[in-house]
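# Structural overview
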Amino acid sequence: MGLEQRQLYPGGNVVMSNEEKLYTIADVEALPEEELAELIDGKMYMMGTPTATHQRLIGFLYLKFNVNNLTQATTTYSVSFN
C-alpha cells in the first residue's frame, strides 16, 4: 500500500498520511484482519485499542444503565455485535 507516515491523534487513533494518494475502500479491505481502519475523505484512520480510561468509562456507563434497567424490560450490552 505504500503507507509512508503515521500521525498520532488523541485517543490513540492514527491517520495514514501520504500527500500524493487518496485511499479507497480497497486499501482498507487489503489490511490484515487484525488491523481496523476507517476511511474518511480519502484518509485512512487506523483505530487504536481502547485506553484504560475508555474501559473504565464504558464499565461505569454499563453499570449505570443496568441499574436504571432494573425497573424496565430492557437489556444493556457492553460491546458491539458484528
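Each remark here, short or long, concerns the structure printed above.
These remarks concern the structure in this document.

Scoring rules and cut-offs
- Residues numbered from 1 in each chain as written.
- Predicted model: local features only at pLDDT ≥ 70, side-chain atom pairs only at ≥ 80, totals over all residues.
- Heavy atoms only, no water.
- Helix = DSSP H or I, 4+ residues; strand = E, 2+ residues; numbered from the N terminus.
- Buried < 20%, exposed > 50% of the residue type's maximum accessible area, 1.4 Å probe, protein only.
- Contact = heavy atoms within 4.5 Å.
- Areas by Shrake-Rupley, 256 points an atom, 1.4 Å probe, with all protein chains shown as cover.
- Patch = residues over 30% accessible without salt bridge, like charges linked within 9 Å, V, L, I, M, F, W, Y side chains within 5 Å.
- Salt bridge = Lys/Arg side-chain N within 4 Å of Asp/Glu carboxyl O.
- Polar contact = N/O pair within 3.5 Å; in protein donor to acceptor, adjacent residues only side chain to side chain.

## Focus: the overall build of the chain
Check the secondary structure of the chain and you find 2 helices and 4 strands. Listing the helices and strands of the chain from first to last along the sequence gives β-β-α-β-β-α. Residues classed as buried in the chain amount to 18% of the 82 residues present. Residue pairs at least 24 apart in sequence account for 23% of intrachain contacts in the chain once pairs closer than 6 positions are excluded. Split by element, the accessible area of the chain, about 6800 Å² in all, is 56% carbon and sulfur.

## Focus on unusual backbone geometry
We note that D41 has phi near 50°; this positive angle belongs to a residue other than glycine. Mapped onto the elements, D41 comes out in the loop between strand 3 (37–40) and strand 4 (43–46). Judged by relative accessible area, D41 falls into the exposed class, the value being 74%.

## Some points on the environment of Y45
Locating Y45 in the fold gives a position in strand 4. You can call Y45 partly exposed: its relative accessible area is 22%. Along the primary structure Y45 and V28 are separated by 17 residues, whereas in three dimensions their C-alpha atoms are 9.5 Å apart.

## Details of a nonpolar patch on the surface
Nonpolar side chains collect at one region of the surface, where L57, F60, L61 and F65 lie side by side and expose about 390 Å² of accessible area between them. With respect to the element layout, F60 can be found in helix 2 (residues 52–69).

## Re the environment of L36
With respect to the helices and strands, L36 occurs in the loop between helix 1 (25–29) and strand 3. L36 sits in the exposed class, given a relative accessible area of 51%. The sequence separation of L36 and M47 amounts to 11 residues, and the corresponding C-alpha distance is 5.5 Å. Those residues in contact with L36 that lie beyond four places of it in its chain are Y45, M46 and M47.

## Some points on the side chain of D27
Relative to the assigned elements, D27 resides in helix 1. A polar contact is formed between the side chain of D27 and the backbone nitrogen of T24, at a distance of 2.9 Å.

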